[in-house]
Amino acid sequence: GAAYAALIGAVGELEADGLMEKLDDPDREGCAVCRRTVRSCGEWTQLFPCRHWCCTECVYKWRRAAEQRGQEEDEEEAQVAHLG
């Protein structure tokens with residue numbers, strides 16, 4: 001109730017100031033990665049500083065890929081250190 005109303009007010013102010021895109025804007029495209037429509041996903045993440053919206057599924061995929069790349073880089077560094 002009250003927390004939701006307070007959040008809606010704060011989000012409205014950010015949208016009015018141009019600091020946040022409207023998630024419910026029918027003219028706005030959906031996910032910046034997969035182009036999923038706004039209504040097809042219940043959770044969204046806004047990227048900073050560009051303020052693009054990404055669906056939660058794409059954010060999770062990006063995080064997993066970044067974690068995997070980090071692990072691969074760590075393994076490569078360990079191999080180089082072992083050879084040295």
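Keep in mind it's a predicted model, so treat the numbers as computed, not measured.

Cut-offs and rules
Residues numbered from 1 in each chain as written. Predicted model: local features only at pLDDT ≥ 70, side-chain atom pairs only at ≥ 80, totals over all residues. Heavy atoms only, no water. Helix = DSSP H or I, 4+ residues; strand = E, 2+ residues; numbered from the N terminus. Buried < 20%, exposed > 50% of the residue type's maximum accessible area, 1.4 Å probe, protein only. Contact = heavy atoms within 4.5 Å. Salt bridge = Lys/Arg side-chain N within 4 Å of Asp/Glu carboxyl O. Core = buried A, V, L, I, M, F, W, Y, C linked by side-chain atoms within 4.5 Å.

**A look at the overall build of the protein chain**
Working step 1: Of the regular secondary structure elements, the protein chain holds 2 helices and 2 strands.
Working step 2: Its helices and strands in sequence order give the protein chain the pattern α-β-β-α, from N to C terminus.
Working step 3: Scored against the burial criterion, the 84 residues of the protein chain give a buried share of 17%.
Working step 4: For the protein chain, contacts bridging at least 24 residues in sequence account for 25% of all contacts bridging at least 6.

**Some details on the pattern of salt bridges**
Working step 1: Per the stated rule, a full pass over the model turns up 2 salt bridges.
Working step 2: For E57, the salt bridge goes to R36, with nearest N and O atoms at 2.9 Å. Here E57 is found in helix 2 (residues 56-83), whereas its partner R36 is found in the loop between helix 1 (2-16) and strand 1 (44-46), with 21 residues between them in sequence.
Working step 3: Under the relative-accessibility criterion, R36 is labelled partly exposed at 24%.
Working step 4: Judged by its relative accessible area of 37%, E57 is partly exposed.
Working step 5: Each of R36, E57 and K61 takes part in one network of salt bridges that share partners.

**Concerning the nonpolar core**
Working step 1: In terms of nonpolar packing, the biggest core is built from 8 residues, these being C31, C41, W44, W53, C54, C55, C58 and V59.
Working step 2: Contributing elements (two or more residues each) for this core: strand 2 (53-55) and helix 2.
Working step 3: For this core, the element with the highest residue contribution is strand 2, accounting for 3 residues.

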